[in-house]
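Tertiary structure, described
Here is what each chain is made of, one letter per residue.
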Amino acid sequence: MKHTRLRLAGLEIAVTFKAVKNVHLSVHPPDGHITLVAPTGTRLEVARAYATTKLGWIRRQQTRLQDQARETPRQFVSRESHSIWGRRYLLDVVEQDTPPAVKMDHRRITLSVRPGADTAKRDAIYRNWQRGLLHQAIPPLIAHWETRLGVKLAGYFLQRMKTKWGSCNTDHAHIRLNTELVKKPRDLLEYVIVHEMLHLLEPTHSDRFIALLDRFYPAWPEARAELNALPLSADSAA
């Protein structure tokens, strides 16, 4: 595998040459950075020529990402709006001298903190609760898709990521999932899990990988479009 970069019409493109059959050009959220994957042995001039033919598409994708809605920075105060599993809830902050806790009913999320807890502390408590929701939701989905796909995961990790919803380490059979997925509808979490687990069958985004997606998760184009159209987190705006 070989990595390099090329500049084209004021754009910087990260280029990777590896064992794929076709050229894959991508513009990634949230900042619109560009990657191009080409078959091993492809000359850089050929990759440049291909990217040149896609300049209009690249610009349109970057504009779409720039115009995409972003959440306002959260202060973790009462009456603030927060999303869980694609639904909006009002936050109710209660200061009391008891261990911090978060509870959710059908209308609101109640964040209990000790008196004087600052925004950073409230944020940490809330994010820890969000991780707990993900840890409840993910294992049953993995178990289901292990059976469907005939694969076995060694484990999964949660991480705040700016440019990816998930990743797969095929050597160790691990997947990594973006903690922001707790804000999205559950079916989008499932789509990302399936996408990453399929890399255990096909490590690259090859035609075979797309065929596997078509077979096991035929609604993937709609799921991907919805996922990338939803508001980005405030700290993804960099």
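Because the structure is a prediction, the values reported are computed rather than measured.

Moving on, we come to the packing of helix α3 (residues 119–149) against helix α4 (residues 186–198). One can describe the packing of α3 onto α4 by two numbers: an axis separation of 10 Å at closest approach and a directional angle of 50 degrees. It follows from the interaxial angle that α3 and α4 lie oblique. For the pair α3 and α4, the sense of crossing is right-handed. Facing α3, whose interface residues are Leu134, Ala137, Ile138, Leu141, Ile142, His144, Trp145, Glu146 and Leu149, α4 presents Arg186, Leu189, Glu190, Ile193, Val194, Met197 and Leu198.

Time to look at the side chain of Glu190. Summarising the element assignment, Glu190 is placed in helix α4. Buried charge Glu190 goes without a salt bridge, the closest partner of opposite sign being Arg148 at 6.9 Å. For Glu190, the contacting residues outside a window of four places in its chain are Leu141, His144, Trp145 and Tyr217.

What follows concerns the nonpolar core. Membership of the largest hydrophobic core comes to 46 residues, with the highest contact counts inside it found for Ile84, Leu189 and Met197. Those elements that provide at least two residues to this core are β6 (87–95), β8 (108–113), α3, β11 (174–178), α4, α5 (207–216) and α6 (220–229). Residues Leu6, Val15, Ile34 and Ile58 belong to the second largest nonpolar core, which totals 16 residues.

Non-glycine residue Ala9 carries a positive phi angle of around 50 degrees. Tracing the backbone through its elements, the reader meets Ala9 in the loop between β1 (2–8) and β2 (11–18). A positive phi angle, near 60 degrees, is found at Phe76, a position not held by glycine. You can see Phe76 is positioned in the loop between α2 (55–67) and β5 (81–84).

Scoring rules and cut-offs
- Residues numbered from 1 in each chain as written.
- Predicted model: local features only at pLDDT ≥ 70, side-chain atom pairs only at ≥ 80, totals over all residues.
- Heavy atoms only, no water.
- Axes fitted to C-alpha atoms, helices over the stretch in contact; angles between N-to-C directions.
- Helix = DSSP H or I, 4+ residues; strand = E, 2+ residues; numbered from the N terminus.
- Parallel < 35°, antiparallel > 145°, perpendicular 65-115°, else oblique.
- Left-handed = near helix turned anticlockwise from the far one by under 90°.
- Contact = heavy atoms within 4.5 Å.
- Buried < 20%, exposed > 50% of the residue type's maximum accessible area, 1.4 Å probe, protein only.
- Lys, Arg positive; Asp, Glu negative; His and termini not counted.
- Salt bridge = Lys/Arg side-chain N within 4 Å of Asp/Glu carboxyl O.
- Core = buried A, V, L, I, M, F, W, Y, C linked by side-chain atoms within 4.5 Å.

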